[in-house]
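# Observations on the model geometry
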Amino acid sequence: MSFTHTQTQQTPTYVTVVSGLPRSGTSMMMQMLAAGGLSAMTDAIRQADADNPRGYFEVERVKRLKDGDGAWMSEAQGKAIKIISALLEHLPSNQRYKVIFMQRTLAETLASQRKMLIHRGEDPARIDDAELTRLFQKHLQKVEAWLAGQPNITVLYVNYNEMIAAPSPFLTQINRFLDQRLDSEQMLAAVDRTLYRNRAA
């Protein structure tokens with residue numbers, strides 16, 4: 001299986017995982033890491049569209065982690081890969097991971113997901129927002145508790161809303177978390193506030 005990725009200056013002994021709920025800012029974080037010089041894994045199957053005009057930075061095979069298809073994750077060592085929060089528990093335990101977990105106001109996450117469903121011609125009202133919020137909150141609590149108990153995983157939680165408003169402190173945190181290997185100025189240039197379109201009321 002082949003992937004395209006940007007070139008990095010050195011190869012760390014861990015996999016950088018960008019995670020969170022869908023539509024929580026994970027694609028933007030991948031863009032920032034790639035701009036900063038970290039190799040970003042993608043198979044380029046899912047193309048950029050109106051919902052993510054700069055691309056999704058996804059690997060379709062990630063979806064098969066839950067089926068035990070994870071041996072290939074060794075290819076991600078030294079690179080960044082996007083894995084939604086629901087699949088984190090299926091990461092192979094023989095690898096070390098640094099997880100950048102994106103947090104976003106749930107109202108905005110739901111609004112963004114709803115707009116994406118509309119663009120796809122699907123019904124955005126299949127589940128009541130209040131019920132979906134409850135399910136997401138329960139899921140996030142479960143994932144955070146699981147992450148806290150994994151000896152091979154370290155986590156940096158990044159608030160998407162706060163990062164868009166004032167990126168610099170977060171870039172410092174992210175760079176420190178990833179061993180000062182990134183170009184913070186290039187990362188800052190990748191923060192596109194014009195894509196912050198689904199704001200909480």
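Here the structure is shown first, and the text comes after it.
Anyway, here's the lowdown on the structure attached to this text.

Parameters and conventions
Residues numbered from 1 in each chain as written. Predicted model: local features only at pLDDT ≥ 70, side-chain atom pairs only at ≥ 80, totals over all residues. Heavy atoms only, no water. Helix = DSSP H or I, 4+ residues; strand = E, 2+ residues; numbered from the N terminus. Buried < 20%, exposed > 50% of the residue type's maximum accessible area, 1.4 Å probe, protein only. Pairing = 2+ DSSP bridges. Phe/Tyr/Trp six-rings, centres within 6.5 Å; stacked < 30°, edge-to-face > 60°. Lys NZ or Arg CZ within 6 Å of the ring centre and 35° of its normal. Axes fitted to C-alpha atoms, helices over the stretch in contact; angles between N-to-C directions. Contact = heavy atoms within 4.5 Å. Salt bridge = Lys/Arg side-chain N within 4 Å of Asp/Glu carboxyl O.

So, about unusual backbone geometry. In this structure, Arg23 is a non-glycine residue whose phi angle is positive, near 70 degrees. Phi is positive for Asp179, which is not a glycine, with a value near 65 degrees. One can find Asp179 in the loop between α5 (167–177) and α6 (184–189).

The next subject is the pairing of strand β1 (residues 15–20). Taken across its six residues, β1 has six buried, putting it largely inside the fold. Side chains Val15, Val17 and Ser19 project from β1 onto one buried face, and the interleaved Thr16, Val18 and Gly20 project onto a second face that is buried too. Bridging between β1 and strand β3 (residues 97–103) involves six bridges; their strand directions are parallel. Among the inter-strand pairings, Ser19 is bridged to a residue of β3, identified as Phe101. Relative to strand β2 (residues 80–82), β1 runs parallel, the two sharing three bridges. Counterpart to Thr16 in the pairing with β2 is Ala80.

Looking now at helix α1 (residues 26–35). Burial of α1 is extensive: nine of the 10 residues sit out of reach of the surface. Buried residues of α1: Thr26, Ser27, Met28, Met29, Met30, Gln31, Met32, Leu33 and Ala34, and no others.

The next point concerns the packing of aromatic side chains. In this description, an aromatic ring pair is defined by two values, namely the gap between the centres and the angle between the planes. This model, assessed by the stated rule, comprises one aromatic pair. Seen from their ring centres, Phe101 and Tyr157 are 5.5 Å apart, and the 55 degrees between their planes marks the pair as tilted. Placement of the pair is Phe101 in strand β3 and Tyr157 in strand β4 (residues 153–159), with a sequence separation of 56 residues. Sitting above the plane of the Tyr14 ring, Lys98 keeps its charged end 4.7 Å from the centroid.

Hydrogen bonding along the main chain pairs the strands of a sheet, whether they run parallel or antiparallel. The four strands lie next to each other as β2-β1-β3-β4, forming an open sheet whose pairing is parallel. Sheet topology places β2 and β4 at the edges, where each strand pairs with a single neighbour. The mean inter-strand angle of the sheet, taken between neighbouring strand axes irrespective of direction, is 25 degrees. Relative to the sheet, helix α3 (residues 129–148) contacts β3 and β4, its axis offset from that of β4 by approximately 140 degrees. Taken strand by strand, α5 contacts β3 and β4, and its axis lies near 170 degrees from that of β4.

Okay, the pattern of salt bridges next. A side chain of one charge can pair with a side chain of the opposite charge when the charged atoms of the two come close. All chains considered together, the criterion is met by six salt bridges. Across the pair Glu60 and Lys63 runs a salt bridge whose closest N-O atoms are separated by 3.2 Å. In this structure Glu60 comes out as partly exposed when scored by relative accessible area, which is 27%. The class for Lys63 is partly exposed, based on a relative accessible area of 46%. Three or more residues are tied together by salt bridges with common partners; here these are Arg61, Arg64 and Asp69.

That is the geometry; function is a separate question.
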